[in-house]
Amino acid sequence: QVQLVESGGGLVQPGWSLRLSCAASRNIVGFTTMSWYRQAPADGRGRELVATVSIGGNTNYADSVKGGFTISRYNAQTLVYMQMNSLIPADTAVYYCTARDLFIRDYWGQGTKVTISA
């Protein structure tokens, strides 16, 4: 079990940056993959996988955020970050941090809201 708490969301203008943080209740070295998902408002498609980082530091990104978002994890500090640059209105969503353990169980945080608007 692990509890995840996201922070860093807010309202910013297009072109600005935000850094999201995910704080885990315990050491995350045992979680094979840490990820960020997002769900846009009134989006019937469900949650979109935005970025993942493996325990070894390998990263993957959705095509829509490549070059603009960077995910990182600090196992000893129980933290995961996602730096988001050059934000656009289409990035408006609730962003969720997740942790996947060795038994392929996924744990979710409560989310942090990001709004991009002029």
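Please refer to the structure placed before this passage.
The structure displayed is predicted, hence computed values, not measured ones.

(A) Expanded view of the nonpolar core. In this structure, L4, M34, W36, F69, M82, M84 and Y95 are the most contacted members of the largest nonpolar core, which totals 29 residues. If you list the elements that add at least two residues to this core, you get β3 (18-24), β4 (33-39), β5 (48-54), β7 (69-74), β8 (79-84), β9 (93-100) and β11 (112-116). Apart from residues lying up to four places away in sequence, M82 is in contact with L18, R19, L20, W36, V50, A51, F69, T70, I71 and Y95.

(B) Structural view of the pattern of salt bridges. According to the stated counting rule, one finds five salt bridges in the structure shown. One salt bridge connects D63 with K66, and the closest N-O pair in it is separated by 3.1 Å. By relative accessible area, which is 65% here, D63 ends up exposed. Here K66 falls in the exposed class, since its relative accessible area comes to 53%. Across the pair R100 and D106 runs a salt bridge whose closest N-O atoms are separated by 2.7 Å. Judged by its relative accessible area of 33%, R100 is partly exposed.

(C) Expanded view of the pairing of β5. Within β5, five of the seven residues are buried, which leaves it mostly tucked inside the rest of the structure. As judged from the three bridges shared by β5 and strand β6 (residues 59-61), these two strands associate in the antiparallel manner. Residue pairing for β6: V53 is matched across the bridge by T59. In this structure, the hairpin formed by β5 and β6 is closed by a connection of four residues, where G57 is found at a positive phi of approximately 95°.

What counts and how
- Within every chain, residues take consecutive numbers counted from 1 along the sequence as written.
- It should be noted that, the model being predicted, local features are given only for residues of pLDDT at least 70 and side-chain atom pairs only at 80 or more, the latter also being counted only at that level, while totals for whole chains, interfaces and linings use all residues.
- No hydrogens and no water enter the side-chain calculation; it runs on all heavy atoms of the structure.
- Nonpolar core, defined: a set of buried Ala, Val, Leu, Ile, Met, Phe, Trp, Tyr and Cys residues in which side-chain atoms within 4.5 Å join the residues together.
- Relative accessibility thresholds used throughout: buried, under 20% of the residue-type maximum; exposed, over 50%; partly exposed, between the two (1.4 Å probe, protein chains only).
- Each helix corresponds to a stretch of at least 4 residues labelled H or I by DSSP, and each strand to a stretch of at least 2 residues labelled E; elements are numbered beginning at the N terminus.
- Any two residues having at least one pair of non-hydrogen atoms within 4.5 Å are treated as being in contact.
- Salt bridge criterion: a side-chain nitrogen from Lys or Arg within 4 Å of a carboxyl oxygen from Asp or Glu.
- When DSSP locates at least two bridges between a pair of strands, those strands are taken to pair.

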